[in-house]
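Remarks on the overall topology
Below, each chain spelled out in residue letters.
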Amino acid sequence: MRLILRSALAGAAVAFALLLLLHWPTRDSDSELKLLSAFALAPFPLSLVAAWLARLSPWPLVGMLAPFAMLAVAFLQPDYGSWMPDGNLPLYLFVAVPATTGFVVTALICAWLMSEAKATG
């Protein structure tokens, strides 16, 4: 249970940092393009740092695989805009749900694989 809580908190921290990055002020289209590329690459170092700070047992593995799980969850989640009125909440959910869920799933799978490796080896 502690693993789930720590990984959920780490995923929420990554989501919060990504949302802060999304609200970074831009002046022209060139800076918007740089912000978009930073938003696409930011989950990798953020996940590594969050996994390390959460003291997840295989933190480098979780930190490197969590952004891919976040991307998979982002493709699987529903369209929140059809459920809610216009505003920023659907955008926040579109970022926060995959970050938190992807981080928890990755941490659980990595912990399970590490326990299986210890049991067999």
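Please refer to the structure higher up on the page.
In what follows, the accompanying structure is described. These numbers come from a predicted model, not from an experiment.

Parameters at a glance
- Residues numbered from 1 in each chain as written.
- Predicted model: local features only at pLDDT ≥ 70, side-chain atom pairs only at ≥ 80, totals over all residues.
- Heavy atoms only, no water.
- Axes fitted to C-alpha atoms, helices over the stretch in contact; angles between N-to-C directions.
- Helix = DSSP H or I, 4+ residues; strand = E, 2+ residues; numbered from the N terminus.
- Parallel < 35°, antiparallel > 145°, perpendicular 65-115°, else oblique.
- Contact = heavy atoms within 4.5 Å.
- Nonpolar A, V, L, I, M, F, W, Y, C, P; charged D, E, K, R; others polar.
- Phe/Tyr/Trp six-rings, centres within 6.5 Å; stacked < 30°, edge-to-face > 60°.
- Buried < 20%, exposed > 50% of the residue type's maximum accessible area, 1.4 Å probe, protein only.
- Core = buried A, V, L, I, M, F, W, Y, C linked by side-chain atoms within 4.5 Å.
- Left-handed = near helix turned anticlockwise from the far one by under 90°.
- Patch = residues over 30% accessible without salt bridge, like charges linked within 9 Å, V, L, I, M, F, W, Y side chains within 5 Å.
- Areas by Shrake-Rupley, 256 points an atom, 1.4 Å probe, with all protein chains shown as cover.
- Salt bridge = Lys/Arg side-chain N within 4 Å of Asp/Glu carboxyl O.

1. Some words on the packing of helix H1 (residues 2-22) against helix H2 (residues 29-41)
Two numbers describe how H1 lies on H2: the axes approach to 10 Å, and their chain directions differ by 175°. When the axes of H1 and H2 are compared, the pair comes out roughly antiparallel. Only Leu35, Ala38 and Phe39 of H2 make contact with H1, whose side of the interface consists of Leu18, Leu21 and Leu22. Here the residues of the contact of H1 with H2 are counted per class, giving six nonpolar, no polar and no charged.

2. Regarding the packing of aromatic side chains
With the rule as written, the count across this model stands at one aromatic pair. Where Phe44 meets Phe68, the ring centres are 5.4 Å apart and the plane angle is 65°; that geometry is what we call edge-to-face. Of this pair, Phe44 sits in helix H3 (residues 43-53) while Phe68 sits in helix H4 (residues 59-76); the two residues are 24 residues apart in sequence, bridging distant segments of the chain. In this structure Phe44 comes out as partly exposed when scored by relative accessible area, which is 22%.

3. Describing the side chain of Ser47
Inspection of the secondary structure assignment puts Ser47 in helix H3. With sequence-adjacent residues up to four places away left out, Ser47 is seen in contact with Val14, Gly63, Ala66, Pro67, Met70 and Phe103.

4. Looking at the nonpolar core
Membership of the largest hydrophobic core comes to 21 residues, with the highest contact counts inside it found for Val14, Leu56, Val62, Met70 and Phe103. At the level of elements, H1, H3, H4 and helix H5 (89-120) are the ones that each hand at least two residues to this core. It is H1 that provides the largest number of residues to this core, a total of seven residues. Residues contacting Val14, with those up to four places away along its chain left out, are Leu46, Ser47, Ala50, Met70 and Phe103.

5. Concerning the packing of H1 against H3
Where H1 meets H3, the axes come as close as 9 Å, and the angle between the chain directions of the two elements is 145°. Between H1 and H3 lies a crossing of right-handed hand. Packed against H1, whose contacting residues are Ala10, Val14, Ala17 and Leu18, the element H3 presents Pro43, Leu46, Ser47 and Ala50 at the interface. Residue composition of the contact of H1 with H3, grouped by class: seven nonpolar, one polar and no charged.

6. Some thoughts on a nonpolar patch on the surface
A surface patch of nonpolar side chains, about 430 Å² in accessible area, is lined by Val49, Trp52, Leu53 and Trp59. The biggest single contributor to the nonpolar patch is H3, with three residues. Assessed through its relative accessible area of 59%, Leu53 is described here as exposed.

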